[in-house]
Amino acid sequence: AAAPPNAGSPDAGNGAPSMATMQAVQQQLASLKAQLEKNPKDTDALTRLGDMYFDAGMFDKAADYYQKSLDLKPDDIMVMTDLGTSLRRLGQPQKALERFEETVKRDPSHWRGWFNIGVVSLYDLRQYDQAEAAFKKVDELKPGTIDMAELRKEIERVKAGGTGG
């Protein structure tokens, strides 16, 4: 039988990244930071750093890099969505909602923005009508993404005191 991935590495099997993975991430971070030293207005590098910090669960740093990217390229709704998601993870749902609302203001067909409005409205702000309206918009824009019957059950569950999201 073939050896399992990471066999022989000190952290194999415990869910932690291998040393090689950690070194690759460190090299990528260093490379992106070097790009920014050469060109502080490199929105691609700023966004990629935000993505890396987001994936590492470092939402404060992710939000900082996403904001820097948006300062240079304010119409980038994907980065705006990522910033909103980072803010939600930082326990700032109202600020997150503002970012998501801005995305759909700039592009009313941006279904991910509507979806995130629904999530924040339902789970964080307990604004059930707003949540349902946002999810209906997702269903209009991208049919089949949401099971509306299941969604209504979920809204009732959350109203009754359930948690989630």
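Residue positions are given per chain, counted from 1 along the sequence in the order it is written. Local features are withheld for residues below a pLDDT of 70 in this predicted model, meaning they are given only at 70 or higher, and side-chain atom pairs are given and counted only at 80 or more; totals for whole chains, interfaces and linings count all residues. Only heavy atoms go into the side-chain values, all of them from the structure, while hydrogens and water stay out.

Ranked by size, the top nonpolar core spans 39 residues in total, and within it L49, I117, L122 and F135 carry the most contacts. Looking at this core, the elements that each hand over two or more residues are helix 1 (19-38), helix 2 (43-55), helix 3 (59-72), helix 4 (77-89), helix 5 (93-106), helix 6 (111-124), helix 7 (128-141) and helix 8 (148-159). Pairs of residues are marked as contacts when any of their non-hydrogen atoms sit within 4.5 Å. Beyond its immediate sequence surroundings of up to four residues, L49 is in contact with L29, L32, K33, L36 and Y65. Each nonpolar core is a collection of buried residues, namely Ala, Val, Leu, Ile, Met, Phe, Trp, Tyr and Cys, held together in the definition by side-chain atoms within 4.5 Å. Relative accessibility thresholds used throughout: buried, under 20% of the residue-type maximum; exposed, over 50%; partly exposed, between the two (1.4 Å probe, protein chains only). Numbering of helices and strands runs from the N terminus, with a helix taken as a DSSP run of H or I at least four residues long and a strand as a DSSP run of E at least two residues long.

All right, on to the confidence of the model for the chain then. Predicted confidence across the chain gives a mean pLDDT of 88, with 88% of residues reaching 70 or more. Known as pLDDT, the predictor's per-residue confidence is scaled from 0 to 100. The low-confidence segment residues 1-12 (pLDDT under 50) makes nine contacts with residues lying over four places distant or belonging to another chain.

Our focus in this paragraph is the side chain of E154. Along the polypeptide, E154 turns up in helix 8. When residues no more than four places from it in sequence are discounted, the contact partners of E154 are L122 and Y123.

To obtain an axis, a line is fitted to C-alpha atoms, over the contacting stretch when the element is a helix, and the angle between two such axes runs from 0 to 180 degrees between their N-to-C directions. At a minimum axis distance of 7 Å, the contact between helix 2 and helix 3 shows a crossing angle of 160°. As judged from the angle between their axes, helix 2 and helix 3 are roughly antiparallel. The two elements helix 2 and helix 3 cross, and the hand of that crossing is left-handed. Residues T43, L46, T47, L49, G50, D51, Y53 and F54 of helix 2 form the contact with helix 3, whose participating residues are F59, K61, A62, Y65, Y66, K68, S69 and L72. Roughly parallel refers to an angle under 35 degrees, roughly antiparallel to one over 145, roughly perpendicular to one between 65 and 115, and oblique to any angle outside these ranges. Should the near helix be turned counterclockwise from the far one by less than a right angle, the crossing is left-handed, whereas a clockwise turn marks it as right-handed.

For the rest of this paragraph, the subject is the environment of K105. Mapped onto the fold, K105 is located in helix 5. Assessed through its relative accessible area of 66%, K105 is described here as exposed. In this structure, the C-alpha to C-alpha distance between K105 and I77, residues 28 residues apart in sequence, is 9.9 Å.

Put simply, a salt bridge is a Lys or Arg side-chain nitrogen that is within 4 Å of an Asp or Glu carboxyl oxygen. Taken as a whole, this structure holds 10 salt bridges when the rule is applied. Among the ionic contacts, a cluster of salt bridges with common partners joins D75, E102 and R106.

As a further point, take the packing of aromatic side chains. Pairing of aromatic side chains here covers Phe, Tyr and the six-membered ring of Trp, requires ring centres within 6.5 Å, and sorts the geometry by plane angle: under 30 degrees stacked, over 60 edge-to-face, intermediate tilted. Taken as a whole, this structure holds three aromatic pairs when the rule is applied. A ring pair is formed by F54 and F59, whose centres lie 5.0 Å apart and whose planes are at 65°; its orientation type is edge-to-face. By the criterion adopted, a ring carries a charge over it if an Arg CZ or a Lys NZ lies within 6 Å of its centre and within 35 degrees of its normal. The positively charged end of K68 is found above the aromatic ring belonging to Y65, 5.1 Å away from the centroid.

This paragraph deals with the packing of helix 7 against helix 8. Packing of helix 7 against helix 8 leaves a shortest axis separation of 11 Å and a crossing angle of 165°. Taken together, the axes of helix 7 and helix 8 are roughly antiparallel relative to one another. Every pair of crossing elements has a handedness; the one defined by helix 7 and helix 8 is right-handed. Counting all contacts with helix 7, which are made through Y128, E132, F135, K136 and D139, the residues of helix 8 involved are M148, L151, R152, I155, V158 and K159. Polar here means any residue other than Ala, Val, Leu, Ile, Met, Phe, Trp, Tyr, Cys and Pro, which are nonpolar, and Asp, Glu, Lys and Arg, which are charged; Gly is therefore polar. Here the residues of the contact of helix 7 with helix 8 sort into six nonpolar, no polar and five charged.

The subject of this paragraph is helix 8. Side chains of residues three or four places apart in an α-helix project in the same direction, reflecting 3.6 residues per turn. To estimate how far a helix should reach, multiply one less than its number of residues by 1.5 Å. The end-to-end C-alpha distance of helix 8, which contains 12 residues, comes to 16 Å, matching closely the 16 Å that a straight helix rising 1.5 Å per residue would cover. Buried residues belonging to helix 8 abut helix 6 and helix 7. Among the residues of helix 8, the N-terminal cap falls to D147, whose side-chain oxygen and the backbone nitrogen of A149 are separated by 3.1 Å. Following helix 8 by one or two positions, G161 has its phi on the positive side, about 110°. What qualifies as a polar contact is a pair of N or O atoms within 3.5 Å, subject to a donor-acceptor requirement within protein and to the restriction that residues adjacent in sequence count only when both atoms come from side chains.

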